[in-house]
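# Close look at the chain arrangement
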Amino acid sequence: MKKFSFWYFLYPGLLLAFGLPMFNSDRLTGPDPFSLSFASYLAPMIWLVLGAMYSHEQMESKANGYNFLRILPIEPAQIVKAKFTIVFISVAIYVGGCCAAFALISTDPEYLIPSCGYLITHGNICLVAAALLYLGIFRYGFSRFGKYVLIAWIFLFVSPIPFRIFFLKPRGITDSEIMQFMRGPYWILVTVICLVGYYFLMKLAVKRLKARYA
Amino acid sequence: MEHILEIKRLRKEYPEFVLDDIDWTVLKGYVMGLIGPNGAGKTTTIKLIMNLLQSDGGQVKVFGLDNILNEKQIKNKIGYVGEEQYFYDHKNAAWTGEFVSHFYDRWDAETYRSLLEKFEIPPKKKIRKFSKGMKVKLSLAIALSHNPELIMLDEPTSGLDPIIRREVIDFLKTFTDENEKTVILSSHITDDIFRIADYITYMINGQIVITESKDELLSNWKKIHFTPGSLDKSVVDTLESVESHTFGTSGLTKNYPAIQDALASGLASGDIKVESVGLDDILIVLVKGD
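Note that this is a predicted model, so its numbers are computed, not measured.

## Quick look at the overall build of chain A
When helices and strands are counted, chain A shows nine helices and zero strands. Along the chain direction, N to C, the helices and strands of chain A fall in the order α-α-α-α-α-α-α-α-α. Residues classed as buried in chain A amount to 33% of the 214 residues present. The contacts in chain A between residues at least 6 apart in sequence include a share of 82% that link residues at least 24 apart.

Shown next, in the form of structure tokens:
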């Protein structure tokens, strides 16, 4: 487990170590969401949150953890809430920590707000993706659904590249337009929608787990 | 006398098995043995009581409370050991005790520690390295360390070697005698149940066919050996599982007091002999007669 943890944290650690100075250099031209510095912030979030989720569920599956929890005085709602809360806290700590690191480098709101907004938006995507994956796990069990978690993990991890190549470029959407979007109130709206969605997906997940137990 | 468990018309349907509207009660402070062949519905019944399965009808009340509406409250007062033991097996017994302690209101860390010691369970050894017997004992230690009012054991000794099995049953007997706990022990190993149960329930094909005190059961059920012509035909017709052999004929009665007078002369002449039966004999008759 210790050995696993070392490798698990090595990759995002390296990305963050290289990404932080590069954020500084981005200030010269304005933050570019597709620059290496941003990729080095987004990728570890997906790696850590969905990766942790995958490994935890794999462990639950191997140990029949849900059967063990089921005999304890604990309701399915508590199990689901605990898992959703861990994901939420992980994303919040990560996004909060990165935004704090950005603020240490530049407090200029012109750069800081869209940068943080961009990270928060990806945090939202991460939350909703995790919630949907939990729904699948509770419905079908990890042994059947685990591979989709793995696929989603890899897909989200590399998605900015195909998204840029196959979606943004053909439509002529420039980075500065995206940044303009991020400077507006839209990401706040997206955040609210995602958080409300996350809450309702959690409620749905409770029903799924109850149904699976039955 | 107070009932700790009341089941009314409990039903569970599977494609090849139906738990058929069973009614069942268990008295507080006694050990109830649930006997039946494999597939009789014992585990299904216990899982329904624990709300580990969803019933297709009926009601279960534990401590006077509905088991679905008050699941958490009820589980807080139940010590459960299932046929299969599930743990986070990459963790050790000490971690597991600490983990489950957060969920029980009356968890006693000292009891848990002393039970681990008594059962010779190494607290720091990973559970995946435990034998089946050690896992059962760990399960038992957890089940007993939160001062449960009801202990439910579903085939806990299944798959254990006779030495560990005896050790577990002897411990349970001492524990229940000393603490006056209510216990429901399900098993197809009748010897285990004979050793500790006060009451016996036989379950066959999803139905409860007998439920009464062990003493009453064993005084009602007797094996009668008789020579040809020594026993009135009307009595012979009431016997179950009648077999003829070199020394005469044998059969089981399930109502010995009712035929006792009819046997008196045969007993005096030595043509009739009465023998006590084991729980196994009754089970076999019930299964065959089903």
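Read on, since the account is not over.
## Side note on the pairing of strand β8 (residues 182–187) of chain B
Residues in a regular strand point their side chains to alternate faces of the sheet. Residues and elements named next belong to chain B. Of all six residues in β8, six are buried; the element is thus mostly enclosed. Taken together, the five bridges between strand β3 (residues 31–35) and β8 define a ladder with parallel strand orientation. Paired with Gly33 across the bridge in β8 is Leu185. Pairing of strand β7 (residues 150–154) with β8 involves five bridges; the strand directions are parallel. Following the sheet pairing, Ile151 is matched in β8 by Val183.

## Overview of the nonpolar core
Counting 119 residues, the largest nonpolar core has Val49, Val91 and Ala130 of chain A together with Ala141, Met152 and Leu185 of chain B as the members making the most contacts within it. Counting residues per element, this core draws most heavily on helix α5 (residues 109–140) of chain A, at 13 residues. Viewed by domain, this core spans two of them, domain 1 (3–213) and domain 2 (221–289) of chain B, each represented by three or more residues. With sequence-adjacent residues up to four places away left out, Ala130 of chain A is seen in contact with Val49, Leu50, Met53 and Val87 of chain A.

## Remarks on the sheet that holds β3 of chain B
Pairing between sheet strands relies on hydrogen bonds along the backbone, with the strands arranged either parallel or antiparallel. Residue and element names in this part refer to chain B. What the six strands build is an open sheet, ordered β6-β7-β8-β3-β9-β10; its pairing is mixed. At either end of the open sheet lies a strand with only one pairing partner, and these are β6 (78–81) and β10 (207–213). Neighbouring strand axes in the sheet, compared pairwise and without regard to direction, differ in orientation by 15° on average. One ladder, built from four bridges, connects β6 with β7; its direction is parallel. Pairing of Tyr80 across the sheet is with Met152, part of β7.

## So, the domain arrangement of chain B
Residue and element names in this part refer to chain B. Domain annotation of chain B identifies domain 1 (3–213) and domain 2 (221–289). Computed from C-alpha atoms alone, the centre-to-centre distance between domain 1 and domain 2 is 36 Å. Between domain 1 and domain 2, the contact holds nine residues from the first and seven residues from the second. At the level of elements, α7 (190–196) and β9 (199–204) are the ones that each hand at least two residues to the side of domain 1 that touches domain 2. Each residue belonging to the side of domain 1 that touches domain 2 can be placed in one class, and the counts come to eight nonpolar, one polar and no charged.

## Side note on helix α10 (residues 256–269) of chain B
Residue and element names in this part refer to chain B. When the terminal C-alpha atoms of α10 are compared, their 19 Å separation across 14 residues agrees well with the 20 Å that a helix rising 1.5 Å per residue should span. Those residues of α10 lying buried are Ile259, Leu263 and Gly266. In this fold, the buried residues of α10 make contact with β11 (222–226), α9 (233–236), β13 (248–253) and β14 (272–276). At the C-terminal side of α10, Gly270 shows a positive phi close to 90°.

## Notes on the interface of chain B and chain A
With 18 residues of chain B at the contact, the number on the chain A side is 13 residues. Split by residue class, the side of chain B that touches chain A holds 10 nonpolar, four polar and four charged.

## Describing the packing of helix α5 (residues 132–144) of chain B against helix α6 (residues 162–179) of chain B
All names here are of chain B. Close contact between α5 and α6 brings their axes to 10 Å; oriented N to C, the two are set at 10°. The angle between the axes of α5 and α6 places the two elements in the roughly parallel class. The two elements α5 and α6 meet at a crossing, and its hand is right-handed. Together, Gly133, Val136, Lys137, Leu140 and Leu144 of α5 and Ile164, Val168 and Phe175 of α6 make up the contact between the two elements. Here the contact of α5 with α6 is built from residues that sort into six nonpolar, one polar and one charged.

## Comments concerning the confidence of the model for chain B
The predicted coordinates ought not to be read in detail in places where the model reports low pLDDT. Put simply, chain B has an average pLDDT of 91, and 100% of its residues get 70 or more. For this predicted complex, the interface confidence score (ipTM) comes to 0.83, while the overall pTM stands at 0.81.

## As for the sheet that holds strand β12 (residues 240–245) of chain B
Residues and elements named next belong to chain B. Within the open sheet, the four strands sit side by side as β12-β13-β11-β14. Their pairing is antiparallel. Taken across any chain shown, the strands that pair with only one partner, and hence form the sheet edges, are β12 and β14. Across this sheet, the average inter-strand angle for adjacent strands is 20°, counted without regard to direction. Relative to β13, β11 is paired through five bridges, and the arrangement is antiparallel. Counterpart to Phe226 in the pairing with β13 is Thr249. Where α10 meets the sheet, its contacts fall on β11, β13 and β14, and the angle it forms with β14 comes to roughly 140°. The strands touched by helix α11 (residues 279–289) are β11, β12 and β13; relative to β12, the strand with the most contacts, the crossing angle is about 105°.

## Describing the environment of Leu132 of chain A
Tracing the sequence through the fold places Leu132 of chain A in helix α5. Taking the C-alpha atoms as reference points, Leu132 of chain A and Gly172 of chain A, 40 residues apart in sequence, are found 31 Å from one another.

## Notes on unusual backbone geometry
Residues and elements named next belong to chain B. Here Asp21, not a glycine, exhibits a phi torsion of approximately 45°, which is positive. Here Asp21 is to be found in strand β2 (residues 17–27). Despite not being glycine, Ser241 has its phi angle at roughly 55°, a positive value. Within the secondary structure, Ser241 sits in strand β12.

## Structural notes on the pairing of β2 of chain B
All names here are of chain B. Bridge count between strand β1 (residues 3–14) and β2: eight bridges; the pairing is antiparallel. Directly across from Lys12, in β2, lies its bridge partner Leu19. Linking β1 back to β2 in an antiparallel pair, the connection comprises two residues.

Parameters at a glance
- Residues numbered from 1 in each chain as written.
- Chains lettered and ligands numbered in written order.
- Predicted model: local features only at pLDDT ≥ 70, side-chain atom pairs only at ≥ 80, totals over all residues.
- Helix = DSSP H or I, 4+ residues; strand = E, 2+ residues; numbered from the N terminus.
- Buried ≥ 20, exposed ≤ 12 C-beta atoms within 10 Å, placed from the backbone.
- Contact = placed C-beta atoms within 7 Å.
- Pairing = 2+ DSSP bridges.
- Core = buried A, V, L, I, M, F, W, Y, C linked by C-beta atoms within 7 Å.
- Domains from an automatic or database assignment.
- Axes fitted to C-alpha atoms, helices over the stretch in contact; angles between N-to-C directions.
- Nonpolar A, V, L, I, M, F, W, Y, C, P; charged D, E, K, R; others polar.
- Expected span 1.5 Å × (residues − 1).
- Parallel < 35°, antiparallel > 145°, perpendicular 65-115°, else oblique.
- Left-handed = near helix turned anticlockwise from the far one by under 90°.
- pLDDT = per-residue confidence, 0-100.

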